[in-house]
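Summary of the model geometry
Residue-level listing of the chains:
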Amino acid sequence: MIVRLIVFVAIFFIGWWLYRRFVAFKGSQSPTKAKTQESSKKDESQESMVRCEECQTFTPRSHAIHDQDARPFCSAEHLKAFNQKH
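Residues numbered from 1 in each chain as written. Predicted model: local features only at pLDDT ≥ 70, side-chain atom pairs only at ≥ 80, totals over all residues. Heavy atoms only, no water.

Focus: the confidence of the model for the chain
Under the convention used in this document: The predictor's confidence in any single residue is recorded as pLDDT, a number from 0 to 100. Strands are runs of DSSP state E lasting at least two residues, helices are runs of H or I lasting at least four, and both sets are numbered from the N terminus onward.
This prediction gives the chain a mean pLDDT of 87; 83% of its residues lie at or above 70. No element of the chain has a lower mean pLDDT than helix α1 (residues 2–45), at 81, and none a higher one than strand β4 (residues 72–73), at 96.

And the structure:
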């Protein structure tokens, strides 16, 4: 009876050890591929930011309004205010 219990416990720990080794092996391989794929997706979706000449806040380049000298502004009101000052 005790021998069966010892064998069962030994088999359980060997199985647990093998499982942990397998998980560690799979974990060491997949994150590098996943990180590479995630970083390429982030790079594609990220957009550069520009600073408004009037209020100095950052806005995405596609949302910015530019004057004839290619200075970025966050809104038409700030473009007008900047032109009135200068």
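Concerning the packing of aromatic side chains
Worth spelling out the cut-off: The rule is short: rings of Phe, Tyr and Trp, with Trp giving its six-membered ring, pair when the centres are within 6.5 Å, and they are stacked under 30 degrees, edge-to-face over 60, tilted in between. Relative accessible area decides the class of each residue, using a 1.4 Å probe on protein chains only: under 20% of the type maximum gives buried, over 50% gives exposed, and in between gives partly exposed.
Considering all chains together, one arrives at three aromatic pairs under this definition. Seen in terms of ring centroids, Phe12 and Phe13 are 5.6 Å apart; in terms of plane orientation they differ by 70 degrees. Their pairing is edge-to-face. The class of Phe12 is partly exposed, set by a relative accessible area of 48%. Plain terms: the ring middles of Phe73 and Phe82 are 5.2 Å apart, the flat faces sit at 55 degrees to each other, and that makes the pair tilted. Assessed through its relative accessible area of 9%, Phe82 is described here as buried.

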